[in-house]
Amino acid sequence: MSRTKVRFVCQDCGNETAKWMGRCPGCGAWNTLVEEKEYREPARRGIMPETAGAAAVRSLSEAGREQGARDTTGIRELDRVLGGGFVRGSLILLGGDPGIGKSTLLLQAAEKLAAQERLMYVSGEESLSQIAMRADRLEIRDSDIRILTENRMERILDGILREDPRFVIVDSIQTVFNGELDSAPGTVSQVRECTMALLAEAKGNNRTTILVGHVTKSGELAGPKVLEHMVDAVLYLEGEKNQDYRILRTVKNRFGSTHEIGVFEMKETGLAGVESVSRLFISDRHAGQSGTVVFPAVEGSRVFLLEVQALAGMSPFGNPRRLATGYDLNRLLLMCAVLEKHMDVSLGNRDIYLNVAGGMKVGEPAADLAVLLALYSTWREKPLPGDMLAVGEVGLTGEIRPCTQIEKRVREGSEMGFRRILVPRRSMERLEKTGNIQVIPVSHLEEAVEAAFHKE
């Protein structure tokens, strides 16, 4: 007779407890613990569990290496993030906010992939007619995409075995459920078991499988964290609904880099890749305004220009505010302290606001010099020259440290029409070609401010 074990599982982080609690001890979320039942067969002593067959042990040298093991989608930005395309037999998880364009992007990719090999699109959220409406909007009409509208895991696996596709898209994993479990679709146990079944099917038949995942209010993928460890790659589609562009970012990739990003623009006919990212983020820039500096950022193998904006206003309260969007707040506090120490700037009675225009996030320390110059510019109410860039990490003593890929940054600035760029002096050793741009080496914050604001 099977025994039943009752447990309470957090739907945000997957933490398990023996009894219900109002607040999850793992992630601190409130009212996320849901009761789940786990059935266990009693152990039979002296009897080994039955197996379907013995696994074959082979030498690494005997393993065949497929030539061209990646399948390109024809969507350049998507292939860039994946590292050159989908690796055959891989399990990919794509997450993002509702309505951000996950299904649109995958349906566009499905059109390209279906022209190469058989593809099955499994939808648990939309009917066939609704998918057809989206396809008409995306101008996808003559594509041989096999559609299955089903939520039950057993029927989905049966349909996959019957059709035997090379590619499978499941939209979304939170709507799929295993009928042998009592829990509702979307719970931790259902997501974990269904993902495990699709993982075994993908690896066993060398079938590329893409899963769509929902995200929580905090922006993380819904379901247990073990879900991210089970898949081969985790992609996030980010962006603001009131803006036209989307950013595809990878946080895990067993077969490629995790630093690449893809930039798309949302149009009436779907998502289109953006070739010149720098023009997208600085096209609306008004040169000659105080508190703005352009910074050449690096994401993976590409460089694009971002505008760093700073605002320092007199605080009406005794405790001034510090707010950063797209930049680390703790790093901003460090930069304010460095500016006050080495440039005799008083910011103690001012509210400081920092923003990276376009909604981008900058995590590299090479943006420090641009942030400091933007702060100094808004404090002095004196604009930086409109044709100047700034890049470099700034230490607590005011020294400007070298940064990576300096030649690519200089080249991008030259191609975008900028005439001058401030770079760390030590980075000049790795700089060979400068193009039609004047490179100004600086070694200290005081020297950088002098070169930016007092030299014409």
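Before going into details, it helps to say that this report is about the structure given with it. (Residues numbered from 1 in each chain as written. Predicted model: local features only at pLDDT ≥ 70, side-chain atom pairs only at ≥ 80, totals over all residues. Heavy atoms only, no water.)

## Considering the packing of aromatic side chains
Next up, step 1: Tallied over the full model, the rule gives four aromatic pairs.
Next up, step 2: With centroids separated by 6.1 Å and ring planes inclined at 45°, the aromatic side chains of tyrosine 376 and tryptophan 379 adopt a geometry described as tilted. You can see tyrosine 376 and its partner tryptophan 379 sitting in helix H9 (residues 368-380), three residues apart, about one turn around the helix.
Next up, step 3: Accessibility expressed as a relative area gives 25% for tryptophan 379, which makes it partly exposed.
Next up, step 4: When the ring of tyrosine 376 is compared with that of phenylalanine 453, the centres are 5.3 Å apart and the planes differ by 55°; the resulting orientation is tilted. Here tyrosine 376, found in helix H9, pairs with phenylalanine 453, found in helix H11 (residues 445-453); they are 77 residues apart in sequence, far enough to count as distant.
Next up, step 5: Classification of tyrosine 376 as buried rests on a relative accessible area of 6%.
Next up, step 6: Ring pairs connect the aromatic residues Tyr245, Phe281 and Phe304, which therefore count as one cluster. (Phe/Tyr/Trp six-rings, centres within 6.5 Å; stacked < 30°, edge-to-face > 60°. Helix = DSSP H or I, 4+ residues; strand = E, 2+ residues; numbered from the N terminus. Buried < 20%, exposed > 50% of the residue type's maximum accessible area, 1.4 Å probe, protein only.)

## Digging into the sheet that holds strand S6 (residues 91-96)
Next up, step 1: Read from one edge of the open sheet, nine strands run S8-S7-S9-S10-S6-S11-S12-S13-S14, paired in mixed fashion. Since the sheet does not close on itself, it has two edges, and those belong to strand S8 (145-149) and strand S14 (270-273), each with one partner. Strand-to-strand twist in this sheet, taken as the mean axis angle between neighbours without regard to direction, amounts to 25°.
Next up, step 2: Summarising the sheet, S6 and strand S11 (residues 233-238) pair through five bridges and their orientation is parallel. (Pairing = 2+ DSSP bridges. Axes fitted to C-alpha atoms, helices over the stretch in contact; angles between N-to-C directions.)

## Regarding the pattern of salt bridges
Next up, step 1: Here the structure, examined in full by the defined rule, presents 26 salt bridges.
Next up, step 2: Between glutamate 163 and arginine 146 there is a salt bridge, with the nearest N and O atoms lying 3.4 Å from each other. One end of the pair, glutamate 163, is in helix H4 (residues 153-163); the other, arginine 146, is in strand S8, with 17 residues separating them in the sequence.
Next up, step 3: Note that aspartate 158 and arginine 162 form a salt bridge whose closest N and O atoms lie 3.0 Å from each other. Pair noted here: aspartate 158 and arginine 162 are both in helix H4, with a separation of four residues, about one helical turn.
Next up, step 4: For arginine 162, a relative accessible area of 59% corresponds to the exposed category. (Salt bridge = Lys/Arg side-chain N within 4 Å of Asp/Glu carboxyl O.)

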